[in-house]
Amino acid sequence: MKAHRIFAGPVALGTAVALLTSCAPSPQENVSQACAAASAYALALTNFKDTLKPSATVDEVHSARDQVTKTYEEMIKQSQDVAKDRADAVKTAEQNLEKAVKDVPNDATLTQAAASLRDETVKLQAAASDLRSQLKC
């Protein structure tokens, strides 16, 4: 009976390890997921930049900004393991855009704020493009 318990432990452990490792995505799957997330993020950035025009409402800008935030979080999550240095550059550019948005005075018009927001968005788009290039998307 003792021999069965000694044998059962390693078999159970081996089975658990095999199940856990077989579910892990391959490096190519990681890159594909990161590329898809980076593409969605790039589209959200373009949409945000496109809303920065005099005819846009504050709600439209906020909605576009919310989409940037949502796709940013997914892109960072998916790319952190496959392109950390480029993901970190995107994080920095994202923080700069966040600061630019927060620095816009409440009484400013969209036209007044658009130039600085557009500049930060262009920098962020460049960082995101570098990430996509490193991933070879």
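Because the structure is predicted, anything quoted here is derived from the model rather than measured.

Chemist: Is there a simple way to think about the nonpolar core in this case?
Modeler: Looking at soluble globular proteins, one finds that nonpolar side chains tend to be buried together. Membership of the largest hydrophobic core comes to 31 residues, with the highest contact counts inside it found for Tyr41, Phe48, Met75, Val90 and Leu124. Listing elements by their share of this core, those giving two or more residues are helix H2 (27-51), helix H3 (58-79), helix H4 (84-103) and helix H5 (110-135). Apart from residues no more than four positions distant in its own chain, Phe48 is found in contact with Val61, Ala64, Arg65, Val68, Leu97 and Thr121.

Chemist: Before we go on, may I ask you to explain the pattern of salt bridges in this structure?
Modeler: In a structure, side chains of opposite charge can pair up when their charged atoms sit close to one another. The full count for this structure, using the stated rule, is five salt bridges. Its salt-bridge partner being Lys99, residue Asp103 comes within 2.7 Å of it at the nearest N-O pair. One end of the pair, Asp103, and the other, Lys99, are both in helix H4, four residues apart, so they sit about a helical turn from each other. Residue classification places Asp103 among the partly exposed positions, given a relative accessible area of 48%. If you follow the salt bridges from partner to partner, you end up with Arg65, Glu94 and Glu98 in one network.

Chemist: Would you take a moment to explain the packing of aromatic side chains for this structure?
Modeler: The relative placement of two aromatic rings is captured by the distance of their centres and the angle of their planes. For the structure shown, the criterion picks out one aromatic pair. Ring geometry for Tyr41 versus Tyr72: centroids 5.8 Å apart, planes at 50°, classification tilted. A residue pair is termed long-range when its members are at least 10 positions apart, and Tyr41 in helix H2 and Tyr72 in helix H3 qualify at 31 residues. Note on accessibility: Tyr41 and Tyr72 belong to one class, buried.

Chemist: Where do I start with the state of the cysteines in this structure?
Modeler: Disulfide: a covalent bond connecting the sulfur atoms of a pair of cysteines. Taken as a whole and judged by the stated rule, the model has one disulfide. Across the disulfide from Cys35 sits Cys137; the S-S distance is 2.0 Å. In this structure, the disulfide formed by Cys35 and Cys137 twists by about -90° around the S-S bond and is classed as left-handed. Taken together, the residues Cys35 in helix H2 and Cys137 in the segment after H5 connect sequence positions 102 residues apart.

Here is what the cut-offs are and how they apply
- Residues numbered from 1 in each chain as written.
- Predicted model: local features only at pLDDT ≥ 70, side-chain atom pairs only at ≥ 80, totals over all residues.
- Heavy atoms only, no water.
- Core = buried A, V, L, I, M, F, W, Y, C linked by side-chain atoms within 4.5 Å.
- Buried < 20%, exposed > 50% of the residue type's maximum accessible area, 1.4 Å probe, protein only.
- Helix = DSSP H or I, 4+ residues; strand = E, 2+ residues; numbered from the N terminus.
- Contact = heavy atoms within 4.5 Å.
- Salt bridge = Lys/Arg side-chain N within 4 Å of Asp/Glu carboxyl O.
- Phe/Tyr/Trp six-rings, centres within 6.5 Å; stacked < 30°, edge-to-face > 60°.
- Disulfide = S-S within 2.5 Å.

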